[in-house]
Amino acid sequence: MSTPAQKMVAEQLRPHGVTDERVLQAMASVPREEFLAPRMRRHAYEDRALAIECGQTISQPLVVALMAQAAAPQPIDIALEVGTGSGYAAAVLSRLCRRVITIEREPALAEHAAETLRRLGFDNVVVAVGDGSLGWAAEAPYDVILVAAAARGVPQPLLDQLADGGRLVIPVAISADAPQDLRIYTRHGDQVPYRSLFPVLFVPLRPG
Ligand code: SAH
């Protein structure tokens, strides 16, 4: 018997370009329904973003998996996530890295996500409240940074907090009425070139 998350991996992720076995295993091991309100749980394994509190969304599983795969997290890595939301992507990331710091600007969301992560035993994740566009200098530099909200440009503090060889995956808003460009920036010494991955639709990264 397979679990709903294992079925999601087989039917929605493997056929759509997710090939990294560690990422697939992480996706199969995180119960997405636990990150949703009771009335939304029956939709947990549909491959789409879903509403959470504060007018925000839990990301689409395929996008979470492809972002993680692009960032190629290693078991010794320390990762930063901007935009905790429900805590789902942080939970996935926590299975792939040594330690995860995730920042959320809405205190109610941060509190709820922290409680869910604690209850499910994701004890290598720290949820911080604040403006993620400033990064989280206290534990920098990061091997992996994932941004789950769309910015107009890449916030400089995030580039500054990227370790040498580190990977930053971020949706960049190109214009108001077009999808965002999901990009991966990789630091090589002083150079941080990027490559475009695919178009995405994220909620905006809001200041403050
Ligand atoms: N990764 C989440 C999805 C997050 S949606 C999940 O798996 O559920 C994007 C989140 O970014 C929202 O919760 C929003 O409140 C938050 N956000 C927006 N601007 C932010 C900022 N400047 N700093 C931190 N979080 C921010």
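Residues numbered from 1 in each chain as written. Predicted model: local features only at pLDDT ≥ 70, side-chain atom pairs only at ≥ 80, totals over all residues. Heavy atoms only, no water.

(A) The packing of aromatic side chains, seen in detail. Considering all chains together, one arrives at two aromatic pairs under this definition. For the pair Phe35 and Tyr88, a centre-to-centre distance of 5.8 Å together with 70 degrees between the ring planes defines the contact as edge-to-face. With Phe35 in the loop between helix H2 (21–29) and strand E1 (50–51) and Tyr88 in helix H4 (residues 88–94), the pair connects residues that are 53 residues apart, well separated along the chain. When its relative accessible area of 1% is taken as the criterion, Tyr88 is described as buried. Ring centres of Tyr185 and Tyr194 lie 5.1 Å apart, and the angle between their planes is 40 degrees; this geometry places the pair in the tilted category. Just above the ring of Tyr88 sits the side chain of Arg32; from NZ or CZ to the centre is 5.7 Å. (Phe/Tyr/Trp six-rings, centres within 6.5 Å; stacked < 30°, edge-to-face > 60°. Helix = DSSP H or I, 4+ residues; strand = E, 2+ residues; numbered from the N terminus. Buried < 20%, exposed > 50% of the residue type's maximum accessible area, 1.4 Å probe, protein only. Lys NZ or Arg CZ within 6 Å of the ring centre and 35° of its normal.)

(B) Looking closely at the site of the ligand. Around the ligand, 24 residues are found, and the nearest of them are Ser86, Glu104, Asp131, Gly132 and Arg206. For the ligand, the protein covers 100% of the area, taking 580 Å² as the surface of the free molecule. Broken down by secondary-structure element, the contributors of at least two residues to the shell around the ligand are strand E2 (57–58), H4 and strand E4 (99–104). The residue inventory of the shell around the ligand, partitioned by class, reads nine nonpolar, nine polar and six charged. (Near = heavy atom within 4 Å. Areas by Shrake-Rupley, 256 points an atom, 1.4 Å probe, with all protein chains shown as cover. Nonpolar A, V, L, I, M, F, W, Y, C, P; charged D, E, K, R; others polar.)

(C) Structural detail: the nonpolar core. Leu13, Val18, Met27, Phe35, Tyr88 and Val92 are the most contacted members of the largest nonpolar core, which has 49 residues in total. Counting residues per element, this core draws most heavily on helix H3 (residues 61–71), which supplies eight residues. Listed in part, the 17 residues of the second largest apolar core include Ile103, Leu159, Leu168 and Val172. (Core = buried A, V, L, I, M, F, W, Y, C linked by side-chain atoms within 4.5 Å.)

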